[in-house]
Amino acid sequence: MTAAKLQATISAWEAAYRRFETPAQEQAKFLRRLKSLGAHRFNRGLAVLELFCGRGNGLVAWERLGFTNVSGLDISAELLSEYRGPARTVVGDARRLPFRDGSFDVVAVQGGLHHLQLMDDLSLTAGEMWRVLRPGGKLLVVEPWRTPFLDFVHAACERSWLRAIWPKLDALATMIDHERETYEDWLGRPQAILDVLRSIVVPQVLRVARGKMMLLGVRREARSNVTRQAA
Ligand SMILES: C[S@@+](CC[C@H](N)C(=O)[O-])C[C@H]1O[C@@H](n2cnc3c(N)ncnc32)[C@H](O)[C@@H]1O
């Protein structure tokens with residue numbers, strides 16, 4: 001793919017992402033998820049890093065919970081530039097984090113890992129998340145997951161008439177079209193993905209419901225070997 005074509009694909013995806021939810025809707029969704037993983041019970045002084053933070057609505061959710069030491073990283077300078085708030089923001093690649101070992105108490109990802117190539121880039125990113133977490137640090141992950149609900153949503157995305165009368169569904173379907181390769185690979189390999197995540201954290205909460213996997217894990221002292229690579 002040429003650079004111009006890649007940029008056009010990214011721009012189309014970003015335009016659909018902006019149409020999918022308003023910032024206020026996205027902030028409320030992120031806040032609900034953080035609370036459901038118990039983040040409202042964490043010490044508010046913890047150093048939090050949100051990866052794949054896009055336009056920063058997840059950062060706002062952490063701030064609303066009262067966290068004051070929040071950083072965000074995303075590869076898109078354009079999306080990051082939309083964030084207004086006190087968090088430190090960094091344009092960067094989650095596969096090579098520009099932070100020192102053990103710099104964060106909490107690392108969070110809400111809908112980003114499924115953009116990575118499996119399994120190489122996921123393993124690199126997992127290794128980086130483990131590296132920048134301090135011993136005993138926490139990892140929070142929320143990502144799409146194959147469930148009957150998600151199958152139903154995908155079936156709805158196939159109906160052009162439904163997309164025509166339901167702008168949010170059309171925005172979702174457009175995003176999926178532009179990330180189809182990594183998205184489908186991600187949905188097809190749940191066991192291998194969980195193996196990678198379990199190699200860096202011990203899960204405290206692991207929940208699958210309504211098309212999402214939600215994980216809260218505590219950093220392992222040492223990375224364990226990933227034994228299974230197949231789904
Ligand atoms: C679905 S959005 C996630 C939404 C986001 N969690 C939020 O708070 O708005 C996925 C994000 O991942 C970013 N991204 C994709 N690949 C990346 C990488 N290798 N490193 C860092 N960010 C990446 C994209 O720029 C995009 O903002």
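One can find the structure itself at the top, above this paragraph.
Draft legend 1. Molecular detail of the overall build of the protein chain. A count of helical and extended segments in the protein chain gives ten helices and seven strands. Structurally, the protein chain occupies a C-alpha span of about 50 × 40 × 35 Å along its principal axes. Expressed as a percentage of the 231 residues in the protein chain, the buried residues total 31%. Residue pairs in contact within the protein chain that sit at least 24 positions apart in sequence constitute 69% of those at least 6 positions apart.

Draft legend 2. The sheet that holds strand β4 (residues 104–110), seen in detail. Reading across the sheet, the seven strands line up as β3-β2-β1-β4-β5-β7-β6 and stay open at both edges, with mixed pairing between neighbours. This sheet does not close on itself; its edge strands, each paired only once, are β3 (88–91) and β6 (201–209). Shown here is a sheet whose adjacent strand axes are inclined to one another by a mean of 15 degrees, direction ignored. As paired strands, β4 and strand β5 (residues 133–144) are joined by six bridges and run parallel to one another. Paired with Gln 110 across the bridge in β5 is Val 142.

Draft legend 3. Representation of the pairing of β6 within the structure. As judged from the eight bridges shared by β6 and strand β7 (residues 212–219), these two strands associate in the antiparallel manner. Bridge assignment links Val 208 to a residue of β7, and that residue is Met 213. Remark: two residues form the turn of the hairpin made by β6 and β7, two consecutive strands paired antiparallel; Arg 210 in that turn has positive phi of roughly 50 degrees.

Draft legend 4. Up close: helix α2 (residues 23–36). Look at α2: 20 Å from first C-alpha to last across 14 residues, which is about the 20 Å you get at 1.5 Å a residue. Within the span of α2, buried status applies to Glu 26, Phe 30, Leu 31 and Leu 34. Buried residues in α2, looked at end-on, bunch into an arc of 135 degrees, giving them a common side. Residues of α2 that are exposed and point over 90 degrees away from its buried face: Ala 24, Gln 25 and Arg 32.

What counts, and at which threshold
Residues numbered from 1 in each chain as written. Predicted model: local features only at pLDDT ≥ 70, side-chain atom pairs only at ≥ 80, totals over all residues. Helix = DSSP H or I, 4+ residues; strand = E, 2+ residues; numbered from the N terminus. Buried ≥ 20, exposed ≤ 12 C-beta atoms within 10 Å, placed from the backbone. Contact = placed C-beta atoms within 7 Å. Pairing = 2+ DSSP bridges. Axes fitted to C-alpha atoms, helices over the stretch in contact; angles between N-to-C directions. Expected span 1.5 Å × (residues − 1). Arc of directions from axis to C-beta.

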